[in-house]
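Descriptive analysis of the structure
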Amino acid sequence: MNAPEAALDYSRFLASHDELLKANAIIEQIAPDDTPGLPAAHEQRAIAFSKLLSRGASSDYLRTLGWHLKQAGDPSSEGLWLAWANYYRLSGQIDRSVRALEGAATTNPDHWFSAADLYLLDGNMDFAKRSLIAAANAYRLRLGKNPLSIEDRVQLALALARLGEHSQASETLRAGLELAPGNAVLLKGANQLEIAKLEQRFLQSDSFAERLDSLREMLTKSQDPSNVYPKTVDLWRRTQSQQDRDAIKAFLDEALNNFGPNPNLYFAKSVFLLAEQKIPESKAILELTIQSYPEHGLSLNNLAWLLANQQPKDLPRAKEMAERAVASNPSIPTFHDTLGAIYLDLNDLPRAIQQLEIALADTPVKDRYKIHEKLARAYESVGNRAIAELHREKSKPPR
């Protein structure tokens, strides 16, 4: 074994014993940020930088990630494929990000679901379906080799359910319960499948009463009511009838009495108050929710928006709330959008651009125009008129 490979093995040994500073010092020598080194060490550093960026680290690390990815050579491991996918996603190259996820899926079929999600984000329904079919085929093949694999059976059922094949998904789980009666994972999967059917009924129905009944049944059968309450916001936005909206409020009050406090329930109430222009009341509910649930990202984000946009404005506190929202869940693009807009108002332009670019990469195509408008202003302010103009061209609402 040559010296660089031995050094890499030793750095891994140190890392496994929590000697992280010593491990990093070694690996930085055999895989520098500006000189080609050992490809396997560059791969390890690329994966580390990718995880760092996923946690909301500065986009300044993106260039460093790209360097280590190129020095690592052609991707052959799941981790390196995922690092490439993350690099492309954060660079706004959604097509390449999906292709990298498809590469990772050859090792772990779970990534077909992520590929499908990105295709949906980009509005490509046909390719999303293709990814889900690939997932179903992969798990069907695995299950054929090992019919007792609970994880593969549940994932196959999930893929089938997302393809709309609910009867096949149910039969897949039923067959598993015959092989492993009472298995907790399969029972949970069956419950999730039942909830998914109700969600589909909720989305497809044209009747307000049927939608509300679907939510009520979901709430009764769901193991986590937190996932039900956000759907009341969607239902509220679909109707202009005050009678219907009063029924939604009554539904939440009933849920509070039957199932107890929940941050998503309080958040939904605050959204309704905001829609009714009852700003102080909405803000008060958000403040109380954050006191009881200090890491509830949705409440932190909306409070940040109110503090930044409603008089009297409080941009320093808005920034604090928005930063806490991003820290609570860096994968939600809306949180980065809010934080980027606040940085823009504070004239912290590098951070504004960083956050808005992250938001842009993960926002559905039809909703990106608002972020393009903010990025146009930010790049114009730093003197980069060429990029500003590119964003300005995309800042018009889609027809």
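Here the structure is shown first, and the text comes after it.
The following paragraphs examine the structure supplied in this document. (Residues numbered from 1 in each chain as written. Predicted model: local features only at pLDDT ≥ 70, side-chain atom pairs only at ≥ 80, totals over all residues. Heavy atoms only, no water.)

Along the chain, Gln311 connects to Pro312 via a cis peptide bond; the corresponding omega equals -5°. If you trace the backbone, Pro312 turns up in the loop between α17 (297-309) and α18 (315-328). Despite not being glycine, Gln277 has its phi angle at roughly 65°, a positive value. As for its position among the elements, Gln277 is in the loop between α15 (263-275) and α16 (279-292). Unusually for a residue other than glycine, Asn347 sits at a positive phi of about 65°. (Helix = DSSP H or I, 4+ residues; strand = E, 2+ residues; numbered from the N terminus.)

If you look at soluble globular proteins, the nonpolar side chains tend to sit buried side by side. Formed by 53 residues in total, the largest nonpolar core has its most connected members in Leu215, Met218, Leu235, Leu252, Phe272, Met321 and Leu375. Discounting residues that sit within four places of it in the chain, Met321 has contacts with Ile290, Leu300, Leu303, Ala304 and Leu307. (Core = buried A, V, L, I, M, F, W, Y, C linked by side-chain atoms within 4.5 Å. Buried < 20%, exposed > 50% of the residue type's maximum accessible area, 1.4 Å probe, protein only. Contact = heavy atoms within 4.5 Å.)

It is worth spelling out the pattern of salt bridges at this point. Following the criterion strictly, the structure yields 26 salt bridges and no others. Put simply, Arg201 and Glu217 hold a salt bridge, and the shortest N to O gap is 3.3 Å. Of the two residues, Arg201 is situated in helix α11 (residues 184-204) and Glu217 in helix α12 (residues 208-221); the sequence distance between them amounts to 16 residues. Of the residues examined, Glu217 reaches a relative accessible area of 28% and is grouped as partly exposed. Residue Lys366 is joined to Asp367 by a salt bridge in which the shortest nitrogen-to-oxygen separation is 3.3 Å. For Asp367, a relative accessible area of 34% translates into the label partly exposed. Through salt bridges that share partners, Glu194, Arg201, Glu217 and Lys221 make up one connected network. (Salt bridge = Lys/Arg side-chain N within 4 Å of Asp/Glu carboxyl O.)

Taking 1.5 Å of rise per residue, 14 residues should cover 20 Å, and helix α20 (residues 349-362) covers 20 Å from first to last C-alpha, within 8% of that figure. Most of α20 sits out of view: eleven of its 14 residues are buried. Of all the residues in α20, the buried ones are Leu349, Ala352, Ile353, Gln354, Gln355, Leu356, Ile358, Ala359, Leu360, Ala361 and Asp362. (Expected span 1.5 Å × (residues − 1).)

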